[in-house]
Amino acid sequence: MLIMEVAGTGSNAQKIFVLSKLLMGQNSDTGAKNEMALPAFLDAARDAGAPITAEQLGELISDPNGSLKEVLEPLQPNEGVVRFKGNTPIAQGMSVNQARDTVDRNAKAAMNRRA
């Protein structure tokens, strides 16, 4: 998706939606966190032709008939961060000790079967 596609859409909500999808894709491609500083997001929105305030963005996200709630998490007061949907923590695998214990148990079981 190109930034030109953002500028070519109609309403501010549509522009913010397309911008959010663009930024989500870039974050996914680069492995970055699914969040952005609120002032930077508002600047990007303004540059894309959708000059809005933080309050207006919060209203657009919480609009039950809007599409922004599908791509953006509700804004948290006094946090100054815009979070994209899908921002779930990565599940941690086994610790090193757990992995060693598992390997040891499997090796012992294999040795017992051979004998």
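Residues numbered from 1 in each chain as written. Predicted model: local features only at pLDDT ≥ 70, side-chain atom pairs only at ≥ 80, totals over all residues. Heavy atoms only, no water.

Moving on, we get to helix α3 (residues 38-47). Among the residues of α3, those classed as buried are Leu38, Phe41, Leu42, Ala44 and Ala45. The buried side chains of α3 occupy one side of the element, clustering within an arc of 160° when seen end-on. Of the exposed residues in α3, the ones pointing more than 90 degrees away from its buried face are Pro39 and Asp47. Its buried side turned inward, α3 meets α2 (12-30), β1 (35-37), α4 (54-62) and β2 (81-83). Looking one or two places after α3, you find glycine 49, whose phi comes out positive at around 95°. (Buried < 20%, exposed > 50% of the residue type's maximum accessible area, 1.4 Å probe, protein only. Helix = DSSP H or I, 4+ residues; strand = E, 2+ residues; numbered from the N terminus. Arc of directions from axis to C-beta. Contact = heavy atoms within 4.5 Å.)

Among the nonpolar cores identified, the biggest contains 19 residues, and Ile16, Leu19, Phe41, Leu57, Leu68 and Leu72 are the most heavily contacted of them. Listed by contribution, the elements that provide at least two residues to this core are α2, α3 and α4. (Core = buried A, V, L, I, M, F, W, Y, C linked by side-chain atoms within 4.5 Å.)

Of all residues in the protein chain, 83% attain a pLDDT of 70 or more, and the chain-wide mean is 81. Overall, residues 1-9 carries pLDDT values under 50, and its contacts beyond four positions in sequence, including any with other chains, amount to 15 contacts. Contacts from residues 87-91, a stretch scored under 50 in pLDDT, to residues over four places away or in other chains number two contacts. (pLDDT = per-residue confidence, 0-100.)

Time to look at the pattern of salt bridges. Taken as a whole, this structure holds four salt bridges when the rule is applied. When the shortest N-O distance is used, the salt bridge between arginine 83 and glutamate 35 registers 3.2 Å. Of the two residues, arginine 83 is situated in strand β2 and glutamate 35 in strand β1; the sequence distance between them amounts to 48 residues. Notably, a salt bridge pairs aspartate 43 with arginine 46, separated by 3.1 Å at the nearest N-O pair. With aspartate 43 and arginine 46 both in helix α3, this residue pair falls three residues apart, about one helical turn. We classify aspartate 43 as partly exposed; its relative accessible area is 37%. Arginine 46 gets classed as partly exposed once you look at its relative accessible area, which sits at 46%. Each of Glu35, Glu79 and Arg83 takes part in salt bridges that share partners, so that together they form one network. (Salt bridge = Lys/Arg side-chain N within 4 Å of Asp/Glu carboxyl O.)

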